Amino acid sequence: MYDLPDFVYFDHSIHVYKGIGCSTCHGRVDLMPLTYKVNTLYMQWCVECHRNPAKYVRPREEVFNMTYKAPGNQMELGRRLMAEYKVQSLTDCVTCHR
Ligand code: HEC
Ligand code: HEC
Ligand code: HEC
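To start, this report covers the structure provided alongside it.

## Some details on the site of ligand 1
So, step 1. Neighbouring residues of ligand 1: 14 residues in total, closest Leu 4, His 12, Cys 22, Cys 25 and His 26.
So, step 2. Contact distances for ligand 1 include 2.7 Å between an oxygen atom and a backbone N or O atom of Leu 4.
So, step 3. Take His 26: an N or O atom from its side chain is 2.7 Å from a nitrogen atom of ligand 1.
So, step 4. Elements represented by at least two residues in the shell around ligand 1 include exactly α1 (12-17) and α2 (22-26).
So, step 5. Residue classes in the shell around ligand 1 are distributed as nine nonpolar, four polar and one charged.

Following this line, the structure appears as structure tokens:
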């Protein structure tokens, strides 16, 4: 279902390590009778999060939780976790195109 073109670099481990949940990118695969693409793999989607990860970062222990819901104070939590996990905003072209 998910297959990026070869000229794009992608690595799961950094995302998981920095608190990006599986379901943020893959959706609720546990509930889908037929797995379908929740998010397109368009560059805009990657870059939108890279520009402002605070909207999505969750506690590391929740990364595998498929039913996790972002709390009402997500921006506050996101900023705090970004500081704690030292999450950077990586928007240079070379981040994904090497
Ligand atoms: C930042 C977004 C993002 C997150 C977070 C993420 N994935 Fe992915 N996943 C992708 C993308 C993009 C691909 C396609 C990679 C490619 O084509 O090189 C992918 C591919 C996969 C595949 C298919 C691998 C293959 O070789 O066919 C599996 C399985 C998968 N992810 C599971 C997970 C699990 C489990 C988690 C949570 C631990 C997770 N992903 C978290 C974006 C993400
Ligand atoms: C929901 C948020 C989110 C999405 C969507 C996302 N990323 Fe990321 N990405 C991050 C975060 C957070 C980091 C870690 C930044 C840091 O190092 O502090 C990261 C890091 C990376 C890195 C750096 C890895 C390294 O070793 O330097 C690459 C490459 C990358 N992402 C590629 C992608 C690509 C390609 C996509 C789209 C298919 C994507 N990301 C989608 C949040 C996201
Ligand atoms: C966070 C990851 C990420 C960053 C940063 C990024 N790209 Fe991309 N880029 C992608 C992904 C994923 C694709 C493949 C999907 C698509 O074509 O939209 C892509 C595709 C492309 C393509 C091919 C488009 C097409 O129609 O085939 C070009 C050209 C490109 N990027 C240029 C750039 C330039 C220039 C920058 C810096 C300003 C940049 N990218 C930054 C992830 C990224």
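There's more to say after this.
## Here's the deal with the site of ligand 2
So, step 1. Taken together, 21 residues sit near ligand 2, with His 15, Cys 46, Cys 49, His 50 and Gln 88 positioned nearest.
So, step 2. Here an oxygen atom of ligand 2 sits 3.1 Å away from a polar atom, N or O, in the side chain of Lys 18.
So, step 3. Residue Gln 88 places a main-chain N or O atom 2.6 Å away from an oxygen atom belonging to ligand 2.
So, step 4. Counting only elements with at least two residues in the shell around ligand 2, the list comes to α1, α3 (43-51) and α5 (93-96).
So, step 5. A per-element tally of the shell around ligand 2 places α3 first, with four residues.
So, step 6. In terms of residue class, the shell around ligand 2 is built from 13 nonpolar, five polar and three charged.

## A short note on the coordination of the iron atom of ligand 2
Each donor-metal-donor angle would ideally measure 109.5 degrees in four-coordinate tetrahedral geometry, or 90 or 180 degrees in six-coordinate octahedral geometry.
So, step 1. Protein coordination at the iron atom of ligand 2 comes from His 15 (NE2) and His 50 (NE2), with a distance range of 2.0 Å.
So, step 2. One can describe the site at the iron atom of ligand 2 as octahedral: its six donor atoms subtend angles covering 86 to 180° at the metal. Residue His 15 is found in helix α1, and its partner His 50 is found in helix α3; the two are separated by 35 residues along the sequence.
So, step 3. Given a relative accessible area of 18%, His 50 falls into the buried group.

Cut-offs used in this document
- Residues numbered from 1 in each chain as written.
- Chains lettered and ligands numbered in written order.
- Predicted model: local features only at pLDDT ≥ 70, side-chain atom pairs only at ≥ 80, totals over all residues.
- Heavy atoms only, no water.
- Near = heavy atom within 4 Å.
- Polar contact = N/O pair within 3.5 Å; in protein donor to acceptor, adjacent residues only side chain to side chain.
- Helix = DSSP H or I, 4+ residues; strand = E, 2+ residues; numbered from the N terminus.
- Nonpolar A, V, L, I, M, F, W, Y, C, P; charged D, E, K, R; others polar.
- Donors = N, O, S within 2.8 Å, 3.2 Å for Na, K, Ca; no water.
- Tetrahedral: all angles 85-135°; square planar, octahedral: opposite > 155°, others 65-115°.
- Buried < 20%, exposed > 50% of the residue type's maximum accessible area, 1.4 Å probe, protein only.

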